[in-house]
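# Fold and geometry: a report
Now for the letters of each chain:
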Amino acid sequence: MSEAYQPARILNQGSTQEKAEGARLSNFVGAIALSDLISTTLGPKGMDKILQSPSNLLDSTITNDGATILSSIQISNPAAKILIEISKVQDDEIGDGTTSVVVLAGELLKESEKLIHKRIHPQTIIKGFRLAKDIALKKLKEIAQDHSENEEDLKKYLKKIAMTIFSTKILTPYKSIFADLAVDSILRLKGSTNLESIQILKKTGGLLKESYIEEGFVLDKKLGVGQPKRIENAKILVANTSMDYDKIKIFGSRVVVNSSSKLAEIEEEEKKKMIRKCQKIVDHGINVFINRQLIYNLPEQFFTDHGVVSIEHADFAGIERLSLVTGGEIVSTFDHPELVTLGTAKLIEEIMIGEDKLIRFSGCKEPSACTIILRGSSKQILDEAERSLHDGLAVLSQMVKNPKTVLGAGCTEIIMAQAIEEAAKETSGKIQIAMEAFARALTRIPTIIANNAGYDAEQLVSELKTSHYKGNNTFGLDVTNGKVCDVQELGIIESFLVKKGMLLKASEATEMILRVDHIMYSAPRQRGMN
Amino acid sequence: MLRFDSSGKPFIIIRDQDQKERLTGSEARKANILAAMTVANLMKTSIGPLGMDKILVDQDGEVTATNDGATILKNMQVENPIAKLLVELSQGQDDEIGDGTTSVVVLAGALLEESLSLLEKGIHPSKISEGYEKACDIAVKHLLTICDKIEFDKENYESLVLSAKTSLGSKIVNQYTDKIAKISVEAVLAVADLERKDVRFDLIKLEGKTGGTLGDTELIDGIIIPKNFSHPQMPKQIKNAKIAILTCPFEPPKPKTGHKLDIDSVKKYKELLEIEQNYFKEMTDLVKKSGATLVLCQWGFDDEANHLLLQKKLPAVRWVSGTDIELIAIATGARIVPRFSELTEKKLGKAGMVIEKSIGTTDEKMIVIEKCSNTKTVTILVKGGNKMVVEEGKRSIHDALCVTRNLIKDNRIVYGGGAAEISCSVALNKASKEITGIEQYSIRAFSQALLSVPIALASNSGLNSLEAVSEIQLQQLEDKKPFLGIDCLSKGTSNMKEQNVFDTLRGKIQEFLLATQMAKMILKIDDIIRPTGQY
């Protein structure tokens, strides 16, 4: 009798659900905790984090990069997962701004939490946020400066942008050097966004500032034993074929012999087959042979005898890059030398970087190829430097396509916030409150930057706001000196795309989280002990 | 359960009494109704343009945020048998119509809720069922009298866009309804056969891609496959492609029967080597001979075969998924060829242009097949700031596509915003007075239940729900305007004709029928037997 009146159980055993306020609370708590976690890394004086991998305690990463931090923490809160996802997408699409996008979303959610306490319906908040976002975007487009016409100008701006990006990273002390490196390598791409032909090679030893650009392509491999260390006018065959022993790929074949002499015969035949293959390769008229797979001693010997330099075990990415920069195709069959396009390089030589020997290909067919050699005293520093450099390169490559810039150092955020506040005054109803909240969330970003730098953030930001009200629209925060000043003069410039991505993605994610009033968790999948 | 046969010997009807739990009669009915109401209440908050979404976390912790009733129910992992029936119900509506998956569950829940008080009055469930059946009949007939027709053709499709907008209005995409509704309608019209009133959904492909915002969603004339060419040096652009579609790998054959091939002499070794080499040559030669300029293969390529293809100037794509293969085959008029030897020129498909495009800074490439010769095929590329938004966008667009298709099949519409439900409810109330007997009660109950959707709609929109609904009821009664509904977005008018909010007639009828059927089915159950320890 009693059972009929108990609330009916609908879900599976182990499944749980959170409703209405509970669901909202859990979303807010999760998302805000996550954004608070990484907000300390924001800005030029932001701090780094150590990430320790759960499996290998010795393997740790020190980073300032939002996307890297977020992708390596284990999270079960669904709203926090959405934030991680937007950071990842921002990283994929633009490459930088991965922290600020999450921080902005977090601040928006903090503001909405307050509004919900004031009994404003989430849908009303969403409406206000949308309006505010549109205004901000419009303003952002208005203030963006286009530098597409003047190439010299563009280069100057690219460097400034790169410096702004690097100033929040480990590369700060040498940002000028790295900005030059990044701009130089990006301009070689001539508008392509394919970052693949810029190779970044990390070598421990030396100092960060000793990093440099190497013309051409550097392969972290060794030449075969007893082969010349310098080849001029190289004709290169890039191959992906097995050069250890070449088994016959017909399914189910195996060798069955009844005497050792027969075994020897077959072995002999195998060797002959390999030699024939080598001969065919040599017949291409090449003097350098690079293979993705291992090259055993027998073929290596053969190549040395025939004056062909062989490089083994160049990994897949290496092979693709090589074929890209030398202009040769990746070859797997060798019967028609006349059809094969060979790669060329003016000079191939073994060079030394620190203790290591590397192979440098210069004078390649593809002039855009270059390698950035990073030096640094530890693996962690190098890894972080590479991530920072990659962020910079990614943004710059997008910049070349869409050369619009906005001012950094909190200036743009304040401008957008004030545009929203202006518009809010003319909007009646609860939407107005939501729009004001959006503006507040935007102003939080310079506040956090100032906070991280150890200044009286509220004071500074209010000063900044007043100076904007007075019409100084180029003012921002100078975190090195802790005062408000003209950002244009400081040369802190950011890419329009980064800011746009931040604004759009953060508001989209906020909207998504705000719309939720119910969370259902399935029972976790049962896992075995292993 | 024990019974005794004529000679007095006991025999067991249901075994293992202690391991089973049993509810019978009115208890069973109440338990069922309660379960159904729980599910319906859960869904109520997602109705309407201001409805809320739900987050579903699956077994592996993956997050789905959605507003789509069918998706919520499907991923909810229900255990209760009645709740499972409701999941099926929503699925049924999704398969048939594609929209209204939430309302159908809410309506079924309301019907059952109303029946609870009838049961308490001592009305037999069968009588209630009969009454519901009759009421449903009347409601459907009434719908036919209040429906309107919309006119459109290939050029003038404004009205279709409007109805797609109604469907999209409740989803996260509603910020960009104008654009997305237009894309959806254009996609459907591109593949629709207006004379036969037929729309082949398999010719519309929905492809998701993170990056940008939902507003960057675009309609592409052609097919996108998220793959790249098998060899980096193959050309990235092929004009007037002749496409060979293969479902056999470029590898030496692997007979399914287990076998071993023994090599015991040098001669055999050499022979085998030759055979191996020939396989690859033969394969590529056969493809080349057919005149193909592009190879799409469902399976992988051996390195050597891959290089031979490059040498023979045959761009190729490997690991193309089965559904993509079928779509391309339909679009380009190609035949799917399972063996190299069967490839002939006739079996090749044709496309005006095939291009590989890259997106964003990460090295993700897509192949776009444009200007297919045979049938028009379109792809909707859904963009969004994160993958959850993209997934939800895809689901929403699917709904809009369904609505448009339904309108092409049947261009009659009823007005949304709860207008149709309220109108039917009013009509039923009137009808109930002319019917004598117990059925009158059921019909009145049905009329009450119909109001549940507008009530949910109003309360989700922050209105005083009962007041708003009763006001509309009165207005409809006085003005005889069946297009008055709940003004969810506070536009200042309850005239749904002016607000351009409408649903398809087909969808609405289906919703009524399915919900009634489900309510009847659940009312009929008077015995629940289940093993204990499972709940």
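Residues numbered from 1 in each chain as written. Chains lettered and ligands numbered in written order. Predicted model: local features only at pLDDT ≥ 70, side-chain atom pairs only at ≥ 80, totals over all residues. Heavy atoms only, no water.

### Let's talk about the overall build of chain A
- Broken down by element type, chain A carries 16 helices and 20 strands.
- Projected onto its principal axes, the C-alpha coordinates of chain A cover approximately 95 × 80 × 40 Å.
- For chain A, the proportion of its 530 residues judged to be buried stands at 55%.
- Taking all contacts inside chain A whose residues are at least 6 apart in sequence as the whole, residues at least 24 apart take part in 75%.
- Per element, the accessible surface of chain A, about 22,700 Å² overall, is 51% carbon and sulfur. (Helix = DSSP H or I, 4+ residues; strand = E, 2+ residues; numbered from the N terminus. Buried < 20%, exposed > 50% of the residue type's maximum accessible area, 1.4 Å probe, protein only. Contact = heavy atoms within 4.5 Å. Areas by Shrake-Rupley, 256 points an atom, 1.4 Å probe, with all protein chains shown as cover.)

### Focus on the overall build of chain B
- A count of helices and strands for chain B gives 17 helices and 21 strands.
- Along the longest, intermediate and shortest principal axes, the C-alpha atoms of chain B span 95 × 75 × 40 Å.
- Relative to its full complement of 535 residues, chain B shows a buried share of 56%.
- When contacts within chain B are restricted to residue pairs at least 6 apart in sequence, long-range pairs at least 24 apart make up 74% of them.
- Roughly 22,500 Å² of accessible area belongs to chain B as shown, and the carbon and sulfur atoms make up 49% of that amount.
- On chain B, the mean spot of the 70 positive side-chain charges and the mean spot of the 73 negative ones are 4 Å from each other. (Lys, Arg positive; Asp, Glu negative; His and termini not counted. Charge placed at Lys NZ, Arg CZ, Asp CG, Glu CD.)

### Focus: the packing of aromatic side chains
- Per the counting criterion, the structure on display carries 6 aromatic pairs over all chains.
- A centroid spacing of 5.4 Å and a plane angle of 75° characterise the contact between A:Phe129 and A:Phe438, whose relative ring orientation is edge-to-face. Of this pair, A:Phe129 sits in helix 5 (residues 122-143) while A:Phe438 sits in helix 13 (residues 430-452); the two residues are 309 residues apart in sequence, bridging distant segments of the chain.
- Looking at A:Phe438, the relative accessible area reads 0%, which means it is buried.
- Seen from their ring centres, B:Tyr415 and B:Phe502 are 6.3 Å apart, and the 85° between their planes marks the pair as edge-to-face. One end of the pair, B:Tyr415, is in strand 19 (residues 412-415); the other, B:Phe502, is in strand 20 (residues 502-504), with 87 residues separating them in the sequence.
- Assessed through its relative accessible area of 6%, B:Phe502 is described here as buried.
- Through successive ring pairs, a cluster of aromatic residues spans B:Tyr415, B:Phe483 and B:Phe502.
- Across from the ring centre of B:Tyr441, 5.8 Å away, lies the NZ or CZ of B:Arg444, which sits over that ring. (Phe/Tyr/Trp six-rings, centres within 6.5 Å; stacked < 30°, edge-to-face > 60°. Lys NZ or Arg CZ within 6 Å of the ring centre and 35° of its normal.)

### Some points on the sheet that holds strand 16 (residues 404-407) of chain A
Residue and element names in this part refer to chain A.
- Taken in spatial order, the 3 strands of this open sheet run 4-16-19, and their pairing is antiparallel. Both edges of this open sheet fall to strand 4 (145-146) and strand 19 (493-495), since each of them pairs with a single strand only.
- Here strand 16 runs beside strand 19; their pairing, made up of 3 bridges, is antiparallel. By the bridge assignment for strand 19, Thr405 is matched with Ser495. (Pairing = 2+ DSSP bridges.)

### A look at the environment of B:Phe229
All names here are of chain B.
- Structurally, Phe229 is set in the loop between strand 10 (218-225) and strand 11 (237-246).
- You can call Phe229 buried: its relative accessible area is 6%.
- Leave out the neighbours within four places in its chain, and Phe229 touches Met234, Pro235, Lys236, Ile238, Leu294, Pro315, Ala316, Val317, Val354, Glu356 and Ile367.

### A short note on the interface of chain B and chain A
- On the side of chain A, 88 residues touch chain B, which itself brings 90 residues to the contact.
- Together chain B and chain A conceal approximately 7,800 Å² of surface at their shared face, both sides included; 54% is due to carbon and sulfur atoms.
- Applying the counting criterion to the chain B and chain A interface returns 3 salt bridges.
- A:Asp517 serves as the salt-bridge partner of B:Lys54, at 3.3 Å between the closest nitrogen and oxygen.
- Among the elements that take part in the side of chain B that touches chain A, helix 8 (residues 266-289) of chain B stands out by supplying 10 residues, more than any other.
- Among the residues making up the side of chain B that touches chain A, the classes are represented as 36 nonpolar, 31 polar and 23 charged.
- Summarising the sheet, strand 20 (residues 516-521) of chain A and strand 4 (residues 53-57) of chain B pair through 5 bridges and their orientation is parallel. (Buried area = accessible area lost by both parts, 1.4 Å probe. Salt bridge = Lys/Arg side-chain N within 4 Å of Asp/Glu carboxyl O. Nonpolar A, V, L, I, M, F, W, Y, C, P; charged D, E, K, R; others polar.)

### Re the pattern of salt bridges
- Tallied over the entire structure, the rule returns 31 salt bridges over all chains.
- Residue B:Lys205 is joined to B:Asp324 by a salt bridge in which the shortest nitrogen-to-oxygen separation is 2.9 Å. Note that B:Lys205 is positioned in strand 9 (residues 204-210) and B:Asp324 in helix 10 (residues 322-332), a separation of 119 residues in sequence. Exposure class is identical for B:Lys205 and B:Asp324. Each is buried.
- A single salt-bridge network, built from bridges that share partners, covers A:Asp36, A:Glu107, A:Lys110 and A:Arg444.

### Thoughts on the sheet that holds strand 20 of chain B
All names here are of chain B.
- Spatial ordering of the open sheet is given by 6-19-20, a layout of 3 strands whose pairing is antiparallel. Both edges of this open sheet fall to strand 6 (148-149) and strand 20, since each of them pairs with a single strand only.
- Pairing between strand 19 and strand 20: 3 bridges, direction antiparallel. Among the inter-strand pairings, Tyr415 is bridged to a residue of strand 20, identified as Phe502.

### Observations concerning the packing of helix 6 (residues 158-168) of chain B against helix 11 (residues 387-409) of chain B
Residue and element names in this part refer to chain B.
- Contact geometry of helix 6 with helix 11 gives a least axis separation of 9 Å together with a crossing angle of 140°. In terms of orientation, helix 6 lies oblique with respect to helix 11. When the axes of helix 6 and helix 11 are compared, the crossing they make is right-handed. Contacts between helix 6 and helix 11 involve Leu160, Ser163, Ala164, Ser167 and Leu168 on the former and, on the latter, Ser396, Ile397, Asp399, Ala400, Val403, Thr404 and Leu407.
- Classifying every residue of the contact of helix 6 with helix 11 gives 7 nonpolar, 4 polar and 1 charged. (Axes fitted to C-alpha atoms, helices over the stretch in contact; angles between N-to-C directions. Parallel < 35°, antiparallel > 145°, perpendicular 65-115°, else oblique. Left-handed = near helix turned anticlockwise from the far one by under 90°.)

### Let's talk about helix 11 of chain B
- The end-to-end C-alpha distance of helix 11 of chain B is 33 Å, a good match for the 33 Å that 23 residues give at a rise of 1.5 Å each.
- Of all 23 residues that make up helix 11 of chain B, 18 are buried, and the element is covered over most of its length. (Expected span 1.5 Å × (residues − 1).)

### Here's the deal with the nonpolar core
- Counting residues in each nonpolar core, the largest one holds 228 residues, and the members touching the most others are B:Leu246, B:Phe250 and B:Ile369.
- It is helix 13 of chain A that provides the largest number of residues to this core, a total of 11 residues.
- With residues up to four places along the chain from it excluded, the contact list for B:Phe250 reads B:Phe280, B:Met283, B:Thr284, B:Val287, B:Val295, B:Gly300, B:Phe301, B:Asp302, B:Ala305, B:Leu309 and B:Phe340.
- A:Phe166, A:Leu189, A:Leu396 and A:Cys411 belong to the second largest nonpolar core, which has 38 residues in total. (Core = buried A, V, L, I, M, F, W, Y, C linked by side-chain atoms within 4.5 Å.)

### Details of the pairing of strand 15 (residues 370-376) of chain A
All names here are of chain A.
- Strand 15 sits mainly inside the fold: 7 of its 7 residues count as buried.
- One ladder, built from 7 bridges, connects strand 5 (residues 198-204) with strand 15; its direction is parallel. Its bridge partner being in strand 15, Lys202 is matched across the sheet by Leu374.

### What about the packing of helix 1 (residues 25-44) of chain B against helix 3 (residues 81-96) of chain B?
Residues and elements named next belong to chain B.
- Closest axis-to-axis distance for the helix 1/helix 3 pair is 8 Å, and the angle between their directions is 45°. Judged on the interaxial angle alone, helix 3 and helix 1 are oblique. Helix-helix and strand crossings are classified by hand; for helix 1 and helix 3 the assignment is right-handed. Contacts between helix 1 and helix 3 pair Asn32, Ala35, Ala36 and Val39 from the former with Ile82, Ala83 and Leu86 from the latter.
- Counted by class, the contact of helix 1 with helix 3 contains 6 nonpolar, 1 polar and no charged residues.

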